[in-house]
Amino acid sequence: MKRLLVINPNSSIAVTEGLREALAPFEGPVRFDCIEIAESPATIFTEEDVARAGLGVADRIRRDPEADGYIIACFSDPGLDLARSITAKPVFGCQEAGILTAMARADRFAIVALGPASVARHMRRMRAMGVLGRLAGELDLGGVSAEDAGRSDAVYAKTRAVGQELARMGAGALVPGCAGFAPRRAQLERDLGIAVVDPVLAAAGMAMGAVLA
C-alpha cells in the first residue's frame, strides 16, 4: 500500500485529528500518516512562524524518506519549495492545490484567511502562481486560531458571513485558508450555495493521483 505523510506544520493535536477525520474516507489504496510538529506554535500566524515551520517540514521529510509522497497541511505552504529541493517524491502544498482545484470548479475563487497578516502572504504566493486575475477577493476573520476555525460555533458564524460577502463579490468557489477548517467544509458549502474546496483534500487528491498512477 502506498503511504502519504501529511505534515501539520503547527503543534495543534486537535488540528491533526481533524485532518485524520477528513482523510479517513479516502484511505484504502493509500494510507495517510498525519503528524504535527510539536515545537511549532499552535497556529502559524507570522512570517517567522512560516519560516520556522518550513524548516520543520523539511526535517520531517528527511526523517521519513520511505513515504511515497508528502502533503503540507498548512495554507501558507511552509517549506514547499525547500521540500521539493530535497526529495524526488511528490510534495503538495494545500494552498497551491486548493487554489488550482477551486479554479477547476469556478471561474473566480475567493479565500477566507485566519487573520490579516496571512493575506499579504497568500497574495505573494498567488502572484507567483499567476492566478490573481481569477481571484474575486480575500477576507480575514480578524485573527482566530487554526483549532477554532473548525471547532468554534462563533468562528463558524463569522466564516459564513465572510463567505457570503465573498460570494457577493463574485466568487463561485471558496477556499478556506487553513487546514483547521476541515470539519466545517460540508456545512459551509451547504450554507453558502457555492463550492467550498478543502485545501487539504485537494492536495490529497492530487497526491493520490501522483502515487497511484
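Residues numbered from 1 in each chain as written. Predicted model: local features only at pLDDT ≥ 70, side-chain atom pairs only at ≥ 80, totals over all residues. Heavy atoms only, no water.

This next bit is on the packing of helix α4 (residues 94-105) against helix α5 (residues 116-129). The interhelical angle for the contact between α4 and α5, taken along N-to-C directions, is 60 degrees, at an axis separation of 11 Å. Between α4 and α5, the crossing angle belongs to the class labelled oblique. Regarding α4 and α5, the two cross each other, and that crossing is right-handed. Contact with α4, carried on its side by Gln95, Glu96, Ile99 and Leu100, involves His122, Arg125, Met126 and Met129 of α5 and no other residues of that element. Taken together, the residues of the contact of α4 with α5 break down into 4 nonpolar, 2 polar and 2 charged. (Axes fitted to C-alpha atoms, helices over the stretch in contact; angles between N-to-C directions. Helix = DSSP H or I, 4+ residues; strand = E, 2+ residues; numbered from the N terminus. Parallel < 35°, antiparallel > 145°, perpendicular 65-115°, else oblique. Left-handed = near helix turned anticlockwise from the far one by under 90°. Contact = heavy atoms within 4.5 Å. Nonpolar A, V, L, I, M, F, W, Y, C, P; charged D, E, K, R; others polar.)

What follows covers the pairing of strand β2 (residues 30-36). In the sheet, strand β1 (residues 2-8) pairs with β2 via 7 bridges, with the strands oriented parallel. For leucine 5, the partnering residue across the bridge sits in β2 and is aspartate 33. Following the backbone out of β1, through helix α1 (residues 13-23) and into the adjacent parallel β2, one traces a crossover that is right-handed. (Pairing = 2+ DSSP bridges. Right-handed = clockwise from strand over helix to strand, strands pointing away.)

Taken as a whole and assessed by the stated rule, the structure comprises 17 salt bridges. Note that glutamate 39 and arginine 60 form a salt bridge whose closest N and O atoms lie 3.0 Å from each other. Taken as a pair, glutamate 39 in the loop between β2 and α2 (47-63) and arginine 60 in helix α2 lie far apart in primary sequence, 21 residues in all. Residue classification places arginine 60 among the buried positions, given a relative accessible area of 10%. A salt bridge links arginine 60 to aspartate 59; the nearest nitrogen and oxygen atoms lie 3.0 Å apart. (Salt bridge = Lys/Arg side-chain N within 4 Å of Asp/Glu carboxyl O. Buried < 20%, exposed > 50% of the residue type's maximum accessible area, 1.4 Å probe, protein only.)

The next point concerns the sheet that holds strand β6 (residues 135-140). Overall, parallel pairing links the 4 strands, which are arranged β6-β5-β7-β8 in an open sheet. Across the chains shown, the open sheet's two edge strands, defined by having one partner strand only, are β6 and β8 (195-196). Of the strand pairs in this sheet, strand β5 (residues 109-113) and β6 are connected by 5 bridges, and their pairing is parallel. Along β6, the bridge assignment pairs alanine 113 with aspartate 140.

Now for the packing of α4 against helix α9 (residues 199-212). Interaxial distance between α4 and α9 falls to 7 Å at its minimum, and their mutual angle equals 90 degrees. Accordingly, the angle class assigned to the pair α4 and α9 is roughly perpendicular. Residue-level inspection shows Cys94, Ala97, Gly98, Leu100 and Thr101 of α4 in contact with α9, the latter providing Pro199, Val200, Ala202, Ala203 and Met206. Split by residue class, the contact of α4 with α9 holds 8 nonpolar, 2 polar and no charged.

As a further point, take the side chain of arginine 184. As for its position among the elements, arginine 184 is in the loop between β7 (173-176) and α8 (185-192). Classification of arginine 184 as buried rests on a relative accessible area of 13%. At 2.6 Å, the side chain of arginine 184 forms a polar contact with the side chain of aspartate 153. Aside from chain neighbours lying at most four places away, what touches arginine 184 is Ala149, Gly150, Arg151, Ser152, Asp153 and Tyr156. (Polar contact = N/O pair within 3.5 Å; in protein donor to acceptor, adjacent residues only side chain to side chain.)

Moving on, we come to the domain arrangement of the protein. Many descriptions give the size of an interface as the accessible area lost when the pieces come together. According to the domain assignment, the protein contains domain 1 (2-93 + 201-212) and domain 2 (95-198). Taking the mean C-alpha position of each, domain 1 and domain 2 sit 19 Å from one another. With 28 residues of domain 1 at the interface, the matching set in domain 2 holds 28 residues. In this assembly, domain 1 packs against domain 2 so that about 2,000 Å² is buried in total across both faces, 55% of it on carbon and sulfur atoms. Seen at the junction of domain 1 and domain 2, the total is 4 salt bridges. The partner of glutamate 47 in a salt bridge is arginine 121, with the nearest N and O atoms 3.6 Å apart. Remark: the boundary between domain 1 and domain 2 carries 14 residue pairs in polar contact (both at pLDDT 80 or more). Listed by contribution, the elements that provide at least two residues to the side of domain 1 that touches domain 2 are α1, α2, α3 (80-86) and α9. (Domains from an automatic or database assignment. Buried area = accessible area lost by both parts, 1.4 Å probe.)

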